[in-house]
Amino acid sequence: MNGEDALWAAITAAYARPGIAPLCLRLQDQGGIDVMVLLGLCYAARALGAPLSPTEVQALRSRSEPWRAAAVRPARALRIALRAPVAGVADDQREGFRDRLKAVELAAERVQAGIIADWLAGRGAGAADPLPGLRSFLGGTPVTEGEIGQLLDAFGPAQGASR
């Protein structure tokens with residue numbers, strides 16, 4: 001499995017774990033958090049055992065932001081805008097179109113996962129502690145230490161940790 005496929009599989013599995021999707025959506029809605037980068041950071045810390053430093057977090061964000069701005073955010077914005085009824089369009093037609101937009105948004109996020117995986121593959125060993133990088137990424141977004149732990153645990157135990 002290549003890096004993109006491994007990252008995508010890990011992200012989708014983590015996102016499906018109880019509590020992770022609502023937490024990610026809250027962070028996205030309240031703090032504008034890029035969920036793909038957030039989950040990529042957790043993947044690097046746990047699955048790869050190579051957490052990112054705050055400087056690396058900024059570099060990764062800079063690398064993935066052009067695609068996010070060009071494709072992910074516009075697809076999401078249109079999907080969200082179409083939650084409300086549109087005059088002259090039947091609700092079932094609108095919802096069918098929104099379903100197709102969800103698929104487009106997901107495909108755009110998969111491309112972003114490839115960008116993240118490529119960036120991760122080209123870096124060095126990484127930081128020792130994932131928390132400084134995660135905290136720098138989350139900024140002032142309200143998130144507890146327990147929630148950060150929940151996100152990290154969605155990708156498995158810390159390297160060298162026994163359960």
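Up top is the structure.
Residue positions within a chain follow its written sequence, with the count starting from 1. Local features in this predicted model are restricted to residues whose pLDDT is 70 or higher, and side-chain atom pairs enter the listing and the counts only when it is 80 or higher, whereas totals over whole chains, interfaces and linings include all residues. Derived side-chain values reflect all non-hydrogen atoms in the structure, with water molecules and hydrogen atoms excluded from consideration.

Right, let's talk about the overall build of the protein chain for a bit. Numbering of helices and strands starts at the N terminus; helices are DSSP runs of H or I of at least 4 residues and strands are runs of E of at least 2. Along its length, the protein chain carries 7 helices and 0 strands. Listing every helix and strand of the protein chain by position from the N terminus yields α-α-α-α-α-α-α. Throughout, the radius of gyration refers to the C-alpha atoms, and the reference size of a globule is 2.2 Å times the residue count to the power 0.38. Relative to the globule expectation of 15 Å for 163 residues, the C-alpha radius of gyration of the protein chain, 17 Å, shows essentially globular dimensions. Projecting the C-alpha coordinates of the protein chain onto the three principal axes gives extents of approximately 60 × 30 × 30 Å. For the protein chain, buried positions account for 41% of its 163 residues. Each residue is assigned to one of three classes by its accessible area relative to the maximum for its type, calculated with a 1.4 Å probe on protein chains only: buried under 20%, partly exposed between the two thresholds, exposed over 50%.

Turning next to the packing of helix α6 (residues 130-138) against helix α7 (residues 145-153). In helix packing, the relevant descriptors are the interaxial angle and the interaxial distance, both defined with respect to the helix axes. One can describe the packing of α6 onto α7 by two numbers: an axis separation of 12 Å at closest approach and a directional angle of 110 degrees. The angle between α6 and α7 falls in the class roughly perpendicular. The element α6 and its partner α7 pack so that their crossing is right-handed. Contact residues: α6 offers Pro130, Leu131, Leu134, Arg135 and Leu138, while α7 offers Glu145, Ile148 and Leu152. To get an axis, a line is fitted to the C-alpha atoms, and for a helix only the part in contact is used. The angle between two axes follows their N-to-C directions and goes from 0 to 180 degrees. Note on terminology: angles under 35 degrees are roughly parallel, angles over 145 are roughly antiparallel, angles of 65 to 115 are roughly perpendicular, and the others are oblique. By the definition used in this description, the sense in which the near helix is turned from the far one sets the handedness, with an anticlockwise turn below a right angle giving left-handed and a clockwise turn giving right-handed. Every residue pair with non-hydrogen atoms within 4.5 Å of one another is taken to be in contact.

Note on terminology: a nonpolar core comprises buried Ala, Val, Leu, Ile, Met, Phe, Trp, Tyr and Cys residues joined through side-chain atoms within 4.5 Å. Ranked by size, the top nonpolar core spans 36 residues in total, and within it Leu38, Leu41, Leu52, Phe137, Leu151 and Phe155 carry the most contacts. Contributions of two or more residues to this core are made by α1 (3-16), α2 (20-31), α3 (35-46), α4 (54-81), α5 (91-121), α6 and α7. The dominant element in this core, judged by the number of residues it contributes, is α3, at 10 residues.

Note on definitions: salt bridges are taken to be side-chain nitrogens of Lys or Arg within 4 Å of carboxyl oxygens of Asp or Glu. In total, this model carries 16 salt bridges according to the counting rule given. Salt-bridge contacts for Glu147 lead to Arg26; the nearest nitrogen and oxygen are separated by 2.7 Å. Of this pair, Glu147 sits in helix α7 while Arg26 sits in helix α2, placing them 121 residues apart in sequence. Here the residues in one salt-bridge network are Asp34, Glu65, Arg68 and Arg73, joined through shared partners.

What follows covers empty space enclosed by the protein. With a 1 Å grid spanning the protein atoms alone, the term cavity applies to any set of points in which a 1.4 Å probe fits but cannot get out, the term pocket to an open set with protein on both sides within 12 Å along at least five of seven lines, and the term lining residue to any residue with an atom within 4 Å of a point. Grid points are joined across faces, edges and corners, and a volume is the space filled by probe spheres set on the points. For the structure on display, the rule yields 1 cavity of 30 Å³ or more. Residue lining of the largest cavity: Leu41, Ala45, Pro51, Leu52, Val57, Pro130, Gly133 and Leu134, and that is the complete set. Breaking the lining of the largest cavity down by element, the ones donating at least two residues are α3 and α6. Sort the elements by how many residues they give to the lining of the largest cavity and α6 lands first, with 3 residues. Three classes are used: nonpolar for Ala, Val, Leu, Ile, Met, Phe, Trp, Tyr, Cys and Pro, charged for Asp, Glu, Lys and Arg, and polar for all others, with Gly counted as polar. Per-class residue counts for the lining of the largest cavity are 7 nonpolar, 1 polar and no charged.

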